[in-house]
Amino acid sequence: MDRRTVLLGGSAIAVLSAFALLRPMNAPAEAAEGDFPFKLTDDEWKAKLSPEAYDVLRHEGTERPFTSPLNDEHGTGTFVCAGCDQKLFASETKFDSGTGWPSFYTFIEGGIATSVDDSLFMQRTEVHCSNCGGHQGHVFEDGPEPTGLRYCINGVSLKFVAA
């Protein structure tokens, strides 16, 4: 049994997905706080993004695991923020973590920032775009070498730009 398996017999992914559903639809959670270079009004964000991407990027939602087409994206290129097009992850750092979300072992320098996330009865490190503050996902210390990190990212918060 590994860290991603819950002792009660269910997968950690299923448990986290269930907890994500407990967040009220109009929850006050917002994108990362701060003065970011790229700014839009809430109405502009709603017009720019799909409802799913808006929920994740602007309200720290979580997409259902194994639903993102980016899980199967293996081309050469760059994964950019779906909100502002900032370069976040190089394709060569992507790996299959088995979690159901696109995962990377490192990021493009300057692309992301982190903050403490105390939701879901635990403390995690949230990853957000350093340009617009959009929520991307979380980083965990169970990734592959050379970093040992796993940037577990919501596919709807990314776009892939082929090289």
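Residues numbered from 1 in each chain as written. Predicted model: local features only at pLDDT ≥ 70, side-chain atom pairs only at ≥ 80, totals over all residues. Heavy atoms only, no water.

Chemist: So what's going on with the environment of Thr-78? Which residues, and what values?
Modeler: With respect to the helices and strands, the residue Thr-78 is situated in strand S1 (residues 77–81). The exposure class of Thr-78 is buried, given its relative accessible area of 19%. (Helix = DSSP H or I, 4+ residues; strand = E, 2+ residues; numbered from the N terminus. Buried < 20%, exposed > 50% of the residue type's maximum accessible area, 1.4 Å probe, protein only.)

Chemist: Report on the pairing of strand S2 (residues 87–90), specifying residues and quantitative values.
Modeler: Where S1 meets S2, three bridges bridge the pair, whose relative direction is antiparallel. In the sheet register, Val-80 faces S2, and the bridge partner there is Lys-87. The antiparallel hairpin formed by S1 and S2 contains five residues in its connecting segment, where Asp-85 sits at a positive phi of about 70°. (Pairing = 2+ DSSP bridges.)

Chemist: Tell me about the packing of aromatic side chains, and name the residues and values.
Modeler: Applying the stated criterion to the full structure yields six aromatic pairs. When the ring of Phe-89 is compared with that of Phe-104, the centres are 4.2 Å apart and the planes differ by 15°; the resulting orientation is stacked. Linking Phe-89 in strand S2 with Phe-104 in strand S4 (residues 103–104), this pair joins segments that are 15 residues apart in sequence. Each member of the pair, Phe-89 as well as Phe-104, carries the same accessibility label: buried. Ring centres of Phe-89 and Tyr-151 lie 6.0 Å apart, and the angle between their planes is 55°; this geometry places the pair in the tilted category. Of the two residues, Phe-89 is situated in strand S2 and Tyr-151 in strand S8 (residues 150–153); the sequence distance between them amounts to 62 residues. (Phe/Tyr/Trp six-rings, centres within 6.5 Å; stacked < 30°, edge-to-face > 60°.)

Chemist: Break down the sheet that holds strand S6 (residues 124–129) for me, citing the residues and quoting the values.
Modeler: Pairing between sheet strands relies on hydrogen bonds along the backbone, with the strands arranged either parallel or antiparallel. Strand order across the open sheet formed by six strands is S3-S4-S8-S7-S6-S5, with antiparallel pairing between neighbours. With partners counted over all chains shown, the strands left at the sheet margins are strand S3 (94–95) and strand S5 (112–117), one partner each.

Chemist: For helix H3 (residues 51–59), give the residues involved together with the corresponding values.
Modeler: Residues of H3 that are buried: Ala-53, Tyr-54, Val-56, Leu-57, Arg-58 and His-59. The secondary structure elements touched by the buried residues of H3 are helix H2 (42–48), S1 and strand S7 (135–140). Positioned one or two residues after H3, Glu-60 has a phi angle of 55°, which is positive. (Contact = heavy atoms within 4.5 Å.)

Chemist: How would you summarise the nonpolar core if you had to cite specific residues and measurements?
Modeler: Within the largest apolar cluster, 21 residues are counted, with the highest numbers of intra-cluster contacts made by Cys-81, Leu-88, Phe-89, Phe-104, Tyr-151, Ile-153 and Leu-158. Elements with a contribution of two residues or more to this core: H3, S1, S2, S6 and S8. In terms of residue count, H3 provides more of this core than any other element does, three residues in total. Aside from chain neighbours lying at most four places away, what touches Ile-153 is Glu-63, Phe-89, Trp-101, Pro-102, Phe-104, Val-127, Gln-136, Gly-137 and Leu-158. (Core = buried A, V, L, I, M, F, W, Y, C linked by side-chain atoms within 4.5 Å.)

Chemist: Can you tell me about the side chain of Asn-154, naming the residues and giving the values?
Modeler: In this fold, Asn-154 is placed in the loop between S8 and strand S9 (158–162). Beyond its immediate chain neighbours, meaning those up to four positions away, Asn-154 contacts Val-56, Gly-61, Thr-62, Glu-63, Trp-101, His-135, Gln-136 and Gly-137.

Chemist: I'd like a description of the pattern of salt bridges, backed by residues and values.
Modeler: Any two side chains of opposite charge can pair, on the condition that their charged atoms come close. Summed over all chains, the structure comprises four salt bridges. In this structure, the salt-bridge partner of Lys-159 is Asp-85, at a minimum N-O distance of 2.5 Å. In this pair, Lys-159 is assigned in strand S9 and Asp-85 in the loop between S1 and S2, connecting sequence segments 74 residues apart. Asp-142 is paired through a salt bridge with Arg-150; the nearest N and O atoms lie 2.8 Å apart. Just as Asp-142 is buried, Arg-150 falls in that class too. (Salt bridge = Lys/Arg side-chain N within 4 Å of Asp/Glu carboxyl O.)

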